[in-house]
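Chain and residue survey
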Amino acid sequence: MQKAKALFITVWSVLFSWLGILALPVLLLIAGNITDYITGIMASKYREEQVSSYKGIKGIYKKVGMWILIFIGWMMDMLIKYTVQYVGLSISLPFIVATVVAVWLICNEIISIMENLIDMDVKIPPFLMPLAKMIKGQIEDKAKLE
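Counting restarts for each chain, with residues numbered from 1 along the sequence as it is written. Where totals are concerned, whole chains, interfaces and linings use all residues; where local detail is concerned, this predicted model gives features only for residues with pLDDT of at least 70, and gives and counts side-chain atom pairs only at 80 or more. By convention in this description, side-chain values take in all heavy atoms of the structure and omit both hydrogens and water.

**Here's the deal with the pattern of salt bridges**
Stated formally: What makes a salt bridge here is a side-chain nitrogen of Lys or Arg within 4 Å of a carboxyl oxygen of Asp or Glu, nothing more. Secondary structure is summarised from DSSP: a helix means a run of H or I of at least four residues, a strand means a run of E of at least two, and numbering begins at the N terminus for each. To sort residues, take the accessible area from a 1.4 Å probe on protein chains only and compare it with the maximum for the residue type: under 20% means buried, over 50% means exposed, and anything in between is partly exposed.
With the rule as written, the count across this model stands at three salt bridges. Residues Lys 63 and Glu 109 are paired through a salt bridge, measuring 2.9 Å at the closest nitrogen-oxygen approach. Note that Lys 63 is positioned in helix α3 (residues 53-86) and Glu 109 in helix α4 (residues 96-119), a separation of 46 residues in sequence. Given the relative accessible area of 11%, Lys 63 is considered buried. Looking at Glu 109, the relative accessible area reads 3%, which means it is buried. Via salt bridges that share partners, Asp 36, Lys 63 and Glu 109 belong to a single interconnected network.

**Details of unusual backbone geometry**
Even without a glycine there, the phi angle at Asp 121 is positive, about 65°. Mapped onto the elements of the fold, Asp 121 is located in the loop between α4 and α5 (128-143). On the accessibility criterion, Asp 121 (66% relative accessible area) is exposed.

**Things to note about the nonpolar core**
Burial of nonpolar side chains together is a common tendency in soluble globular proteins. Note the following rule: Among buried residues, the Ala, Val, Leu, Ile, Met, Phe, Trp, Tyr and Cys ones that are joined through side-chain atoms within 4.5 Å form a nonpolar core. Residues are treated as being in contact if the distance between any of their heavy atoms lies within 4.5 Å.
Membership of the largest hydrophobic core is limited to twelve residues, which are Leu 19, Leu 22, Ala 23, Val 26, Leu 29, Met 66, Ile 70, Phe 95, Ala 98, Ala 102, Leu 105 and Ile 106. Of all the elements in the fold, those that place two or more residues in this core are α2 (23-44), α3 and α4. Among the elements that make up this core, the one with the highest residue count is α4 (four residues). When residues no more than four places from it in sequence are discounted, the contact partners of Ala 102 are Leu 22, Pro 25 and Ile 70.

**A short note on the packing of α2 against α3**
To keep it simple, the criterion reads: Here the axes come from fitting lines to C-alpha atoms, over the contacting stretch only for helices, and the angles between their N-to-C directions go from 0 to 180 degrees. Each angle gets one of four labels, with under 35 degrees taken as roughly parallel, over 145 as roughly antiparallel, 65 to 115 as roughly perpendicular, and the rest as oblique. The handedness criterion is simple: a crossing whose near helix is rotated anticlockwise from the far helix by less than a right angle is left-handed, and one whose near helix is rotated clockwise is right-handed.
Put simply, α2 and α3 touch, their axes get as near as 11 Å, and they point 170° apart. It follows from the interaxial angle that α2 and α3 lie roughly antiparallel. Crossing hand, α2 versus α3: right-handed. Together, Val 26, Leu 29, Ile 30, Asn 33, Asp 36 and Tyr 37 of α2 and Gly 56, Gly 59, Ile 60, Lys 63, Met 66, Trp 67 and Ile 70 of α3 make up the contact between the two elements.

**What about α2?**
Rule in force here: A helix is expected to reach a length of 1.5 Å times the quantity of its residues less one.
Here α2 spans 32 Å end to end across 22 residues, near enough to the 32 Å set by a 1.5 Å rise per residue. Among the residues of α2, Ala 23, Pro 25, Val 26, Leu 29, Gly 32, Asn 33, Asp 36, Thr 39, Gly 40, Ala 43 and Ser 44 are the ones counted as buried. Buried residues belonging to α2 abut α1 (2-19), α3 and α4.

**A word on the packing of α1 against α2**
Which entries qualify depends on this criterion: Amino acids are sorted into nonpolar (Ala, Val, Leu, Ile, Met, Phe, Trp, Tyr, Cys and Pro), charged (Asp, Glu, Lys and Arg) and polar (every other residue, Gly among them).
Taken N-terminus to C-terminus, the directions of α1 and α2 make an angle of 115°; their axes are 8 Å apart at the nearest point. The orientation of α1 with respect to α2, classified from their angle, is roughly perpendicular. Listed contacts from α2 to Trp 12, Phe 16 and Leu 19 of α1 are Ala 23, Val 26 and Leu 27. Class assignment of the residues belonging to the contact of α1 with α2 gives a composition of six nonpolar, no polar and no charged.

Here's what the structure looks like:
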């Protein structure tokens, strides 16, 4: 048991050390992906549409696409880091682009989960949906490169 505990702590420590500021958004997105998928299946019973293997696979592909977007953000971060080092600056940059992408995706998942809950006639506090949309909008506004 001690070896399993030590291995668990080591794996999580290495993961958090490598990901830095991206670690928490990655964990939240995993939780959001799973919760959205489950609530989507549950909410389908309350909608006119029915669950099908095609829709299930399409949903999984969509989740994979989200992770590809984070990978693209990570690639952009690496490109920026490389460029900064190439020009001779000694600035340590965290995973900024990938983190912003992940937070935006988490907001999308939260909104989708709440929509699923609403379809199941679950009462949600009236401030949650506007709050999630506000955070998503602020990310979009701050990330514009105009």
